[in-house]
Amino acid sequence: MLTKLKKIAHDLTISLEDLTITADRNYQLSIHAEIDRLRGSVRYKIPKSLIPFGGKIYSQNDEDGIIREIFIRIGTTNRIFVEFGIGNGLENNTLALLFDDWQGLWIDASSGSIANIRTHFAEIIQQGKLAVIESFITKANINDLISANVKHSEIDLLSIDIDGNDYHVLNAISCIKPRVIVIEYNAKFAPPVLYCMDYAETHIWKGDDCFGVSLKFLEINLDKMGYCLVGCNLSGANAFFVRKELVVDKFLEPFTAENHFEPARYYLSGYASGHRPTYQTLAKSLTMRPT
């Protein structure tokens, strides 16, 4: 009797595993099918649109591909990035760039994430390819955090995702002048809505709609800072801005929120890109970099 019960339990475990695998496979297929359907729409067949170039290596959505395409169009200078709000270091907008011999600075408030990154990327950090800082980011400290680790005033890329004071912190930055800015926007507020949460130094996002800034607010205010809105990613999470003197005829006009807004399609987030990411993939490929 006991043997029979063990066999039943074993069979049930296998069945549950099979069901989980099948459910995940179907989920992934449905997301990829929806992405393909959206990209196939007439809107994205317009020349110079960035949406067709979206692709995921380590970004949350399709940001990796869009960032790559932007720099194909405008070129790179020093290949230096700054990103804050980096998660666990395995899903952000700049990890993929480290495979292309970029270097830069990561800032995040999570002590656990920073400890893991420092442990697993120790050699990369020692080589000076990556600086990692644990800090809660505010308007008051952001320039000190950056300038202590980045000695160039011009950098290629700044990426911001702190689920709240994103615009306020960006507006406070004076120590660097990025050529490209990637910043999260609150896609609940479609243009022409001008929304920006009041600055709250200790703000922590609670998973609700009280965060960030609308795309139209970003378009207007970053225009004053010398940047053009050149696109958004398909899930409606991030907006991409390029310095005006670099835009020329390389991107889709007009550079307005009305033209480039993507609605909140957060259901597209979290799809797989190959096997699960690990720290070892970058850490164990350092000797094979082209010289």
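Note that the structure is a prediction, hence the values are computed from the model and not measured.

A. Expanded view of the overall build of the protein. Per the secondary structure count, the protein includes 11 helices and 7 strands. The C-alpha atoms of the protein give a radius of gyration of 21 Å, which matches the 19 Å a tight globule of 291 residues would have. For the protein, the spread of C-alpha atoms along the principal axes amounts to about 75 × 50 × 45 Å. A burial count over the protein gives 48% of its 291 residues as buried. For the protein, the proportion of contacts with a sequence separation of at least 24, taken over those separated by at least 6, is 69%. Carbon and sulfur atoms make up 57% of the accessible area of the protein, which amounts to about 14,400 Å² in all. Separation of charge centres in the protein, based on 30 positive and 35 negative side chains, amounts to 4 Å.

B. Local environment of the pairing of strand β4 (residues 154-160). Across the 7 residues of β4, 6 count as buried, placing the element largely inside the fold. Alignment of strand β1 (residues 80-84) against β4, held across 4 bridges, turns out to be parallel. From the neighbouring strand, F84 faces β4, where its bridge partner is I160. Relative to strand β5 (residues 177-184), β4 runs parallel, the two being bridged by 6 bridges. Each bridged residue has a counterpart across the sheet, and for I155 the counterpart in β5 is P178. Crossover handedness for the path β4 to helix α7 (residues 166-172) to β5: right-handed.

C. Highlighting the sheet that holds β1. One open sheet accounts for 7 strands, arranged β3-β2-β1-β4-β5-β7-β6; its pairing is mixed. On the outer flanks of this sheet lie β3 (130-134) and β6 (227-232), each paired with one strand and no other. Between one strand and the next, the sheet's axes are offset by a mean angle of 15 degrees, whatever the strand orientation. Pairing analysis gives 5 bridges linking strand β2 (residues 103-108) to β3, with the strands arranged parallel.

D. Examining the packing of aromatic side chains more closely. Applying the stated rule across the entire model yields 8 aromatic pairs. When the centroid spacing of 5.1 Å and the interplanar angle of 75 degrees are considered together, the rings of F71 and W102 count as edge-to-face. Of this pair, F71 sits in helix α2 (residues 63-74) while W102 sits in the loop between α3 (95-98) and β2; the two residues are 31 residues apart in sequence, bridging distant segments of the chain. Like F71, the residue W102 is buried in the burial classification. Members of the aromatic cluster, each reached through a chain of ring pairs, are W106, F121 and Y279. Of note, K56 hangs over the ring of Y271, and the distance from its end group to the ring centre comes to 5.0 Å. Against the face of Y199 rests K139, its NZ or CZ located 4.4 Å from the ring centre.

E. Region of the structure containing the layout of surface pockets. A volume near 490 Å³ is recorded for the largest pocket. Lining the largest pocket we find 25 residues, and of these Q60, D161, D163, E184 and A237 sit closest to its centre. A breakdown of the residues in the lining of the largest pocket according to their chemical character gives 6 nonpolar, 10 polar and 9 charged. Around the second largest pocket, the lining is made up of 16 residues, and of these A109, F136, I162, D163 and H203 lie nearest the centre. The residue inventory of the lining of the second largest pocket, partitioned by class, reads 7 nonpolar, 5 polar and 4 charged.

F. Just α2, in detail. Taking 1.5 Å per residue, 12 residues should reach 16 Å; α2 reaches 17 Å between its end C-alpha atoms and fits that length. Taken together, the buried positions of α2 are occupied by E63, D64, G65, I66, I67, E69, I70, F71, R73 and I74. Next to the buried residues of α2 lie α3, β4, β5, β6, β7 (238-243) and α9 (244-247). Just downstream of α2 lies G75, where phi reads positive at about 75 degrees.

G. Spotlight on empty space enclosed by the protein. Counting across every chain of the model gives 1 cavity of 30 Å³ or more. The space that makes up the largest cavity amounts to roughly 40 Å³. Considering the residues around the largest cavity, the lining is formed by I35, N61, D62, L234, S235, L268 and Y271. Here the lining of the largest cavity is built from residues that sort into 4 nonpolar, 2 polar and 1 charged.

Quick notes on the rules
Residues numbered from 1 in each chain as written. Predicted model: local features only at pLDDT ≥ 70, side-chain atom pairs only at ≥ 80, totals over all residues. Heavy atoms only, no water. Helix = DSSP H or I, 4+ residues; strand = E, 2+ residues; numbered from the N terminus. Rg over C-alpha atoms; globule rule 2.2 N^0.38 Å. Buried < 20%, exposed > 50% of the residue type's maximum accessible area, 1.4 Å probe, protein only. Contact = heavy atoms within 4.5 Å. Areas by Shrake-Rupley, 256 points an atom, 1.4 Å probe, with all protein chains shown as cover. Lys, Arg positive; Asp, Glu negative; His and termini not counted. Charge placed at Lys NZ, Arg CZ, Asp CG, Glu CD. Pairing = 2+ DSSP bridges. Right-handed = clockwise from strand over helix to strand, strands pointing away. Axes fitted to C-alpha atoms, helices over the stretch in contact; angles between N-to-C directions. Phe/Tyr/Trp six-rings, centres within 6.5 Å; stacked < 30°, edge-to-face > 60°. Lys NZ or Arg CZ within 6 Å of the ring centre and 35° of its normal. 1 Å grid on protein atoms, 1.4 Å probe; cavity = no way out; pocket = protein on both sides within 12 Å on 5 of 7 lines; lining within 4 Å. Points joined across faces, edges and corners; volume = space filled by probe spheres on them. Nonpolar A, V, L, I, M, F, W, Y, C, P; charged D, E, K, R; others polar. Expected span 1.5 Å × (residues − 1).

Distances and angles like these do not, on their own, reveal function.
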